[in-house]
Amino acid sequence: MRHFVIVGVLVAILTPLTYIGLSSAHMMPVEASAQSQIVDQMWNWDMMAVSFLLALIVVPMFYSLIVFRRKKGDTTDAEHVEGNTKLEVTWTIIPLITVLVFAYLGAYTLGETRIADPNAMVIKVRAQQWSWSFEYPDGFTSTDLHLPKDQQVVLKMQSSDVIHSFWVPEFRIKQDVLPGRVTDYRITPDMIGSYKVRCAELCGTSHAYMEANVIVTSQADYKAWVADQVAAAQALAAIPGPNAARGEKIYEQYCRACHSIDGSKGQSPTWRGLYGSTVELNDGSAVVADDAYITESIKQPAAKVVKGFDAMGFNPVNAGVTDAQIADLIAFIQTLK
Amino acid sequence: MKKIFSSTLARGLLWQAVGWLVGALFITGIRALMGLQAIDASKFFFTEPAWVFGGLLGALFFIGGSGIVSDWFKWAKGEETSEHHEDPAGGEKYFNLSLDHKVIGIQYTLLALALFVIGGTFALIFRLELAHSGLQLLTLQWYNTLMSLHGILMIIGILLGVSGVINYLVPMLIGAQDMAFPRLNAFSYWVAVPGAVLLLSSLALGGFDTGWTGYPPLSARAPVGMQMFFLGVFVAGWSSILGALNVIASVIRMRAKGMTAFRMPILVWAAIATSLIALTATQLIGLSFQLVMFQRLLGMGFFDPAKGGNPVLFQHLFWFYSHPAVYVFVLPGLGVISELLPVFVRKPLFGYRWVAMSSLGIALVGFLVWAHHMFTSGMNDYLRVPFMYSTLLVAVPTGVKFFSWVATLWKGKIETPTPMLFVLGGIIVFLLGGLSGPPNATVATDLHLQDTYWIVGHFHDTIFGGYVFPFFAAIYYWFPKATGRRMNETLGKIHFWLMTPSFLVLTLFMMRIGLLGMRRRIADYDPALGFDWYQLIMTIAGFTIALSVLIFFINFFRSMKHGEKADGNIWNSRSPEWQVPSPMPVHNFDQPFEVVGEPYDYGLTDAPYIKFAKSTHK
């Protein structure tokens, strides 16, 4: 009996100590969305259960290891105890009830993170190896995600190639991005700041570097930024003929993940000095990088592969690049001496 | 030297190489005749179909050429074969075909250890890379390949290690002379060898960058090494399925007289539970990988959205095996813990029937939880709730085990030689694995945790606690049974006391940085996250674990020849295998025994577990 009392007291002491230790260890990043508070609430409940269960097993185990150690020279067996059905039933039923309670809490908090605001703003997200781009309701595209504070946003996400996953640790929520299907990511940012979205699903070679800025601003700052973007986009669109500045935008959206413009070696050939140069191909032949070659390489990436590189799966045309945009891209490439 | 080259292993490998070449040339020839591209410089000379067909034919040639199936062919022709081949004394039998379950068990264990060494070395290489942000010694593609191969080699290694423990022990524990189907048993082991070769060959064929999960569409466009990975797992899967069939048949049909279901040693229950899973679920991983193979080879768009396929379907098929597979790994380990605790506590296993049933409970519930790996995958939203319920339910039978273990320790007379240390370490580490589980199950929190280092820490704790620690305990404990000598205690304790704290540091730090934003499977991380010094300490911890395992290997090989002689019941166990001298005689028990009592009646006098028909063993 004495042993049970000691162990009981130790469990009662260790449980809150563990919980206080865990909750003051800054285990989570800052909470930057309404949803993150719900997730952290569930996390705290989980930690309470973890603290108690840890104490419940560890205390009697170490107590036994210390107190019930074999004495030197003792070669006899311990007292013969086969089991106790009442105890077994107890430690089956109580965990069963606990589990059901936690499953209920899990379902409840999941529901809370999914509450939809009918006035939520919709932003389209395009993921591709290895970059993100964001299409705003006002008709322009950016490689940064700007979000207004305290406004629910639904990201309608789709991938151009393989599976990616949208994760901003400060928002807590994560959602995979699939090819051929749109998945939703619903978030209400509530802290102004600069964060990163990083791809959380292994998506090939440069997966580690697939990230983009997420900038949460006040509603007024957001509106100002949108107005700037719209004006810039309209000005750019109004320029007739192939245009290098437009091409650069397209480059940032679709091409930058693999092609460098400063001559550094990437997953795919650099564009610096490309235009007009003679390119050696995988099959041993050579070709001059003129409009026709570049257009063909954009439309059919596997047709002529540069020596030392593999044909990639990404096809810009499937991702939505138009003929006019290809002309813009070529204009941009011409500027890269 | 000559003996090595004429061994089954060497002949098999040679035939595998021949078969590979024949298969590849065959397809290349057909393609040339049909006017298709016959040579592909970007795919390491041969085209992809030629590599795959060659790989498959190589595996078949290994089986055919090494003589593993020749008895079956003789039977088909109506010829007689000898009932049981006598194995020569000495180490060479481990490289040759043997029908003795003990030899096969050790063969499995040695192959498992070899794969652990290779997979562990890969982990050390990329852990070194991760010690500092930025890329130091690997390219991105090499990082991805080594990380992926680490995963799958450890998994196949564990499956083989599980088979090793089960094969070696189960017939002894149930009082049988051998498994029910000795030739099938040998086949199950040998088919894993070409499987392992196929897996490793992916290194030479461009590697693969998908992780061991091999999700399409990424795996549909990875280098040709991907196909070797698929094929290797497919071939090795046969080992699991057929081995499991054999274990179940043996336990059902070959138990000693009087050994009713609830008088079996508890490890046999674990072996049954694990075999039921392996027998019925392994097909699904083979199938899912085969579908991607066909998608790549034949353009069948199972998982290609452009052709109406669904990439999420793959994840369902894959996890339908790969979640229960975790229980294939840990149930035997938990069985070893339950088996050894009473011996070193000198007290019966608390609640034997509950512990036995909890293994079956875990195995059955384990089939209903697979989609908890997919909470963020984009599967139907509402499915997440039932899968959360079923997942949390696993906690109940797992809890029964923990409580029963603690109750077994309670008021015992506890000794802590090396095997017991690993048992206790296993309980603590598995507890951490278990307790880091529920936050992954309650969906809202998993939305944050999924695909982070938290998960990496969680499953390493689960696998080390549920498999690696008990596996080491089993080796230290049964080594004398296999060799007649015992391993060095001091080295064993150094192994334990180096490995356990390092491992705890490693996984707890994994969980910590995972919560703060460290994603899984990344070759590099943003220095702004401030993880550099965590990663450095984790790398040091990882290398300390490697050092401790090196000490284990020195102890292991040194003790085979120079260990202290131990031919009797050195642990004072009640289990049948310790009632006969070590090393175990060729046919296990010269006299059959009858079960006359309970397996774990420590503390009772005059309550034997088994009685030999005619006692000749003193």
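Residues numbered from 1 in each chain as written. Chains lettered and ligands numbered in written order. Predicted model: local features only at pLDDT ≥ 70, side-chain atom pairs only at ≥ 80, totals over all residues. Heavy atoms only, no water.

## Side note on the overall build of chain B
Tallying secondary structure elements over chain B gives 20 helices and 6 strands in all. Taking 25 Å as the expected radius of gyration for a compact globule of 618 residues, we find that chain B reaches 24 Å, a close match to that expectation. Judged by the C-alpha coordinates and their principal axes, chain B covers about 75 × 65 × 45 Å. Counting over 618 residues, chain B shows a buried share of 65%. A total accessible area of about 21,300 Å² is found for chain B, and carbon and sulfur atoms account for 69% of it. For chain B, the distance from the average position of its 40 positive side-chain charges to the average position of its 32 negative side-chain charges is 4 Å. (Helix = DSSP H or I, 4+ residues; strand = E, 2+ residues; numbered from the N terminus. Rg over C-alpha atoms; globule rule 2.2 N^0.38 Å. Buried < 20%, exposed > 50% of the residue type's maximum accessible area, 1.4 Å probe, protein only. Areas by Shrake-Rupley, 256 points an atom, 1.4 Å probe, with all protein chains shown as cover. Lys, Arg positive; Asp, Glu negative; His and termini not counted. Charge placed at Lys NZ, Arg CZ, Asp CG, Glu CD.)

## Considering the interface of chain B and chain A
A common way to express how large an interface is: the accessible area buried when the components associate. Contacts between the two partners involve 92 residues from chain B, matched on the other side by 90 residues from chain A. With both chains or domains summed, chain B and chain A bury close to 7,700 Å², and 67% of this area falls on carbon and sulfur atoms. Ranking the residues of chain B by area buried against chain A places F403, W410 and R519 of chain B at the top, with a combined share of 10%. At the junction of chain B with chain A, the criterion picks out 5 salt bridges. With a shortest N-O distance of 2.9 Å, R346 of chain B and D77 of chain A are connected by a salt bridge. Among the elements that line the side of chain B that touches chain A, the one with the most residues is helix α14 (residues 395-409) of chain B, at 9 residues. (Contact = heavy atoms within 4.5 Å. Buried area = accessible area lost by both parts, 1.4 Å probe. Salt bridge = Lys/Arg side-chain N within 4 Å of Asp/Glu carboxyl O.)

## Remarks on the sheet that holds strand β10 (residues 211-217) of chain A
Residues and elements named next belong to chain A. Overall, mixed pairing links the 5 strands, which are arranged β4-β10-β9-β6-β7 in an open sheet. Each having just a single partner strand, β4 (145-148) and β7 (174-177) make up the two edges of the open sheet. Mean inter-strand twist for the sheet, computed between neighbouring axes without regard to direction, equals 25°. The pairing of strand β9 (residues 193-199) with β10 spans 6 bridges and is antiparallel. Directly across from G193, in β10, lies its bridge partner V216. Running over the sheet, helix α4 (residues 219-238) touches β4 and β10 and is turned about 140° from β4. (Pairing = 2+ DSSP bridges. Axes fitted to C-alpha atoms, helices over the stretch in contact; angles between N-to-C directions.)

## Comments concerning the domain arrangement of chain A
Its domain assignment divides chain A into domain 1 (2-67 + 85-113), domain 2 (121-236) and domain 3 (240-334). Each of domain 1 of chain A and domain 3 of chain A has a C-alpha centre, and the two are 56 Å apart. (Domains from an automatic or database assignment.)

## Structural notes on the side chain of Q128 of chain A
Here Q128 of chain A is to be found in strand β1 (residues 121-128). Here Y254 of chain A takes part through its backbone oxygen, which lies 2.6 Å from a polar atom of the side chain of Q128 of chain A. (Polar contact = N/O pair within 3.5 Å; in protein donor to acceptor, adjacent residues only side chain to side chain.)

## As for the environment of L368 of chain B
All names here are of chain B. Within the fold, L368 resides in the loop between α12 (352-365) and α13 (384-393). For L368 and R574, which are 206 residues apart along the polypeptide, the C-alpha to C-alpha distance reads 37 Å. The residues contacting L368, other than those within four sequence positions of it, are F387 and S390.

## Concerning the domain arrangement of chain B
Residue and element names in this part refer to chain B. When its domains are assigned, chain B resolves into domain 1 (1-73) and domain 2 (98-612). Put simply, the middle of domain 1 and the middle of domain 2, counted by C-alpha atoms, are 31 Å apart. Contacts between the two partners involve 20 residues from domain 1, matched on the other side by 22 residues from domain 2. Taken together, both faces of the contact between domain 1 and domain 2 bury some 1,800 Å²; the carbon and sulfur share is 85%.

## Observations regarding the packing of α14 of chain B against helix α15 (residues 418-435) of chain B
All names here are of chain B. Where α14 meets α15, the axes come as close as 12 Å, and the angle between the chain directions of the two elements is 140°. One way to sum up the angle between α14 and α15 is to call them oblique. With respect to the hand of their crossing, α14 and α15 are arranged in left-handed fashion. Residue-level inspection shows T398, F402, W405 and L409 of α14 in contact with α15, the latter providing M420, L424, I427, F430 and L431. (Parallel < 35°, antiparallel > 145°, perpendicular 65-115°, else oblique. Left-handed = near helix turned anticlockwise from the far one by under 90°.)

## Things to note about the pattern of salt bridges
Taken as a whole and judged by the stated rule, the model has 22 salt bridges over all chains. One salt bridge in this structure joins D71 of chain B and R183 of chain B, with 2.7 Å as the shortest N-O distance. Residue D71 of chain B is found in helix α4 (residues 70-76), and its partner R183 of chain B is found in helix α7 (residues 182-201); the two are separated by 112 residues along the sequence. Of the two residues examined, D71 of chain B and R183 of chain B, each falls in the buried class. Salt bridges here are not isolated pairs; linked through shared partners, they connect K196, R198 and E211 of chain A together with D526 of chain B.

## Describing the pairing of β10 of chain A
Residue and element names in this part refer to chain A. Counted residue by residue, β10 has 5 buried out of 7 residues, so it is predominantly covered. Of the pairings in the sheet, the one linking β4 to β10 comprises 4 bridges and is parallel in character. Residue H146 lies in a different strand from β10, and its bridge partner there is I215.

## As for the nonpolar core
Among the nonpolar cores identified, the biggest contains 280 residues, and W132, F134, F166 and F171 of chain A are the most heavily contacted of them. Examining the composition of this core, we find that 21 residues originate from one element, helix α6 (residues 140-173) of chain B, more than from any other. Once you skip the residues sitting within four places of it in the chain, F166 of chain A turns out to touch W132, F134, L145, L155, M157, I173, K174, Q175, V177, Y185 and V197 of chain A. Listed in part, the 24 residues of the second largest apolar core include V279, A319, F332 and I333 of chain A. (Core = buried A, V, L, I, M, F, W, Y, C linked by side-chain atoms within 4.5 Å.)

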